[in-house]
Amino acid sequence: MSSSPSPTDWQARYEAADTPWDKGVAAPPLVDYLARHPMSGSILVPGCGRGHEVRALAAAPGARVTGLDLAPTAVEQARGASAGMTERPCFLEGDFLHPMPAEWGGPFDWIVEHTCFCAILPSERPAYARATAALLRPGGKLFAIFYMTPGHDDGPPFGSAPEELDGLFSPVFRLLEEWVPTTAFPGREGRERVRILERQ
């Protein structure tokens, strides 16, 4: 009798097709933002999964997008789904919490966050903030769709609170914009917050 994969064994979950966070398309708040403000330059998407956000970003002229994921199967599937693109994005296997800027093509102009921060253990979040600072050039920006719902401790996803985000990022980052998105996947309405942070 087979057992379910561990909630944070990402490779096993992709092998078992146990990926309920994957909705088959890019996150609506990112799609809405890109319709008004296409991103260009070098962009990294940590925890990219099957690459939906990567492909949405890569559609803009001048965007050089790299997707990063721990799970080899996710990277393989992302590459397969992107095979028909004229400007094919790069997908790499790697651990965002242990950054390798030179090998990954950094430092980057943008990092785009969606479902990576909420998937790692809360105790690993300081390492996430340090990795973001290490991988962005000075003046580079973090576009983050944070999953909120404070007190949601039995994740993943693990919830966040504005005060926690302030404490993690404010030493190195300046908050440029913040809003609650008006579009979201079903079940996530009102539970997400978008922040754009600039690396100092």
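Residues numbered from 1 in each chain as written. Predicted model: local features only at pLDDT ≥ 70, side-chain atom pairs only at ≥ 80, totals over all residues. Heavy atoms only, no water.

(A) Quick peek at the environment of Asp32. Inspection of the secondary structure assignment puts Asp32 in helix H2 (residues 28-36). As a C-alpha pair, Asp32 and Ala133 span 101 residues in sequence and 26 Å in three-dimensional space. Within the local environment of Asp32, its side chain forms a polar contact with the side chain of Thr183, the two groups lying 2.6 Å apart. (Helix = DSSP H or I, 4+ residues; strand = E, 2+ residues; numbered from the N terminus. Polar contact = N/O pair within 3.5 Å; in protein donor to acceptor, adjacent residues only side chain to side chain.)

(B) Structural view of the packing of helix H6 (residues 125-135) against helix H7 (residues 162-169). Contact geometry of H6 with H7 gives a least axis separation of 9 Å together with a crossing angle of 50 degrees. Between H6 and H7, the angle falls in the class oblique. Crossing hand, H6 versus H7: right-handed. Counting all contacts with H6, which are made through Arg125, Pro126, Tyr128, Ala129 and Thr132, the residues of H7 involved are Glu164, Leu168 and Phe169. Across the contact of H6 with H7, the residue classes tally to five nonpolar, one polar and two charged. (Axes fitted to C-alpha atoms, helices over the stretch in contact; angles between N-to-C directions. Parallel < 35°, antiparallel > 145°, perpendicular 65-115°, else oblique. Left-handed = near helix turned anticlockwise from the far one by under 90°. Contact = heavy atoms within 4.5 Å. Nonpolar A, V, L, I, M, F, W, Y, C, P; charged D, E, K, R; others polar.)

(C) Up close: the sheet that holds strand S7 (residues 192-199). Spatially, the seven strands line up as an open sheet ordered S3-S2-S1-S4-S5-S7-S6, and their pairing is mixed. At either end of the open sheet lies a strand with only one pairing partner, and these are strand S3 (90-93) and strand S6 (173-179). On average, each strand axis in the sheet is inclined to that of its neighbour by 20 degrees, with strand direction left out of account. Pairing geometry for strand S1 (residues 41-46) and strand S4 (residues 108-114), over two bridges, is parallel. In the sheet register, Ile43 faces S4, and the bridge partner there is Trp110. (Pairing = 2+ DSSP bridges.)

(D) Region of interest: H6. Counting buried positions along H6 yields eight of 11 residues, so the element is predominantly enclosed. Among all positions in H6, only Arg125, Ala127, Tyr128, Ala129, Ala131, Thr132, Ala133 and Leu135 are buried. (Buried < 20%, exposed > 50% of the residue type's maximum accessible area, 1.4 Å probe, protein only.)

(E) Highlighting the nonpolar core. Among the nonpolar cores identified, the biggest contains 26 residues, and Phe96, Tyr128, Leu142 and Phe169 are the most heavily contacted of them. Those elements that place two or more of their residues in this core are S4, H6, strand S5 (136-147) and H7. With six residues, H6 is the single largest residue contributor to this core. With sequence-adjacent residues up to four places away left out, Tyr128 is seen in contact with Pro46, Phe96, Leu97, Glu113, Cys116, Phe117, Ile120, Leu142 and Phe169. Grouped together as the second largest cluster of nonpolar side chains are 24 residues, Ile43, Val65, Trp110 and Val112 included. (Core = buried A, V, L, I, M, F, W, Y, C linked by side-chain atoms within 4.5 Å.)

(F) Quick look at unusual backbone geometry. Look at the link from Gly106 to Pro107: it is a cis peptide, with omega at 0 degrees. Here Pro107 is to be found in the loop between helix H5 (101-104) and S4. The omega torsion of the bond from Pro156 to Pro157 falls at 0 degrees, within 30 degrees of zero and hence cis. Within the secondary structure, Pro157 sits in the loop between S5 and H7. Of note in the backbone geometry, Ala17 takes a positive phi value of approximately 55 degrees without being a glycine. Relative to the helices and strands, Ala17 is located in the loop between helix H1 (10-15) and H2. Overall, the relative accessible area of 58% leaves Ala17 in the exposed class.

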